[in-house]
Amino acid sequence: TPITAGASPSPSQAAEAADAPKPVARAGPALGYDPLTQQLILVGGMADPLNPPSADVLPGRDMWVWQPATGWARREPSIVPDAGYLSFMVWDAATNRVVLVSQSSSNLWTWDGGNWTPVSAKPAIDTFSGVAFDSDRALLYLLGRPAGNGSTEAMWTWDGSRWSDPVTTPMTWREQAAVTYDEAH
């Protein structure tokens, strides 16, 4: 890794950073950015089964936020949705909320900066590939595999109150894919 002048921390800063609270190592957490609070939000994921953390910090039962100036901080809202492994979060500009689509929960969840709220049952999906928000149409797009349909991939939209019927895509099913919105096109 190249070192840029002024970029490396002093020994005292490095020691403080090592002692600072941070989430346990995990695979496949849901991450999303909340532009209103200017925080990166982390929930869910899967712990290393060969080196499990203590029960009070198991991924899926904890929530963390990160800001450049302050680093990681654990949040303990009254509800932390079970996000599980490979769930997705996205900013919904139409509702000014972070939206969590969980692999482990039957609900779609929103984060208002202080509380998680279940807002809708999600479609019947075996597994999904990703979520993106279309700011032009004010729609959340969910790409995944419909329940009971092994190799077909479909896309649903959510308008903030209801889900559309699935539309089959020309793609075959893929695992651990990514979805994003292209504002220019």
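Residues numbered from 1 in each chain as written. Predicted model: local features only at pLDDT ≥ 70, side-chain atom pairs only at ≥ 80, totals over all residues. Heavy atoms only, no water.

Trainee: Any chance you could explain the packing of aromatic side chains here in plain terms?
Mentor: Working definition: an aromatic ring pair is given by the centre-to-centre distance plus the angle between the planes. Considering all chains together, one arrives at two aromatic pairs under this definition. For the ring pair Trp111 and Trp116, a centre distance of 5.2 Å and an interplane angle of 45 degrees mean the geometry is tilted. Classification of Trp116 as buried rests on a relative accessible area of 4%. Seen in terms of ring centroids, Trp158 and Trp163 are 6.2 Å apart; in terms of plane orientation they differ by 35 degrees. Their pairing is tilted. Trp163 matches Trp158 in its accessibility class, with the two residues each being buried. (Phe/Tyr/Trp six-rings, centres within 6.5 Å; stacked < 30°, edge-to-face > 60°. Buried < 20%, exposed > 50% of the residue type's maximum accessible area, 1.4 Å probe, protein only.)

Trainee: I would appreciate a short explanation of the pattern of salt bridges in the present structure.
Mentor: Once their charged atoms are close, side chains differing in charge can pair, the charge on each being opposite to the other. If you walk through the whole model with that rule in mind, you get four salt bridges. Between Arg26 and Asp62 there is a salt bridge, and its shortest N-O distance comes to 2.8 Å. With a gap of 36 residues between them, Arg26 in the loop between α1 (11-19) and β1 (30-34) and Asp62 in the loop between β2 (39-43) and β3 (63-67) connect regions that are remote in the sequence. Given a relative accessible area of 16%, Arg26 falls into the buried group. Across the pair Asp159 and Arg162 runs a salt bridge whose closest N-O atoms are separated by 3.9 Å. (Salt bridge = Lys/Arg side-chain N within 4 Å of Asp/Glu carboxyl O. Helix = DSSP H or I, 4+ residues; strand = E, 2+ residues; numbered from the N terminus.)

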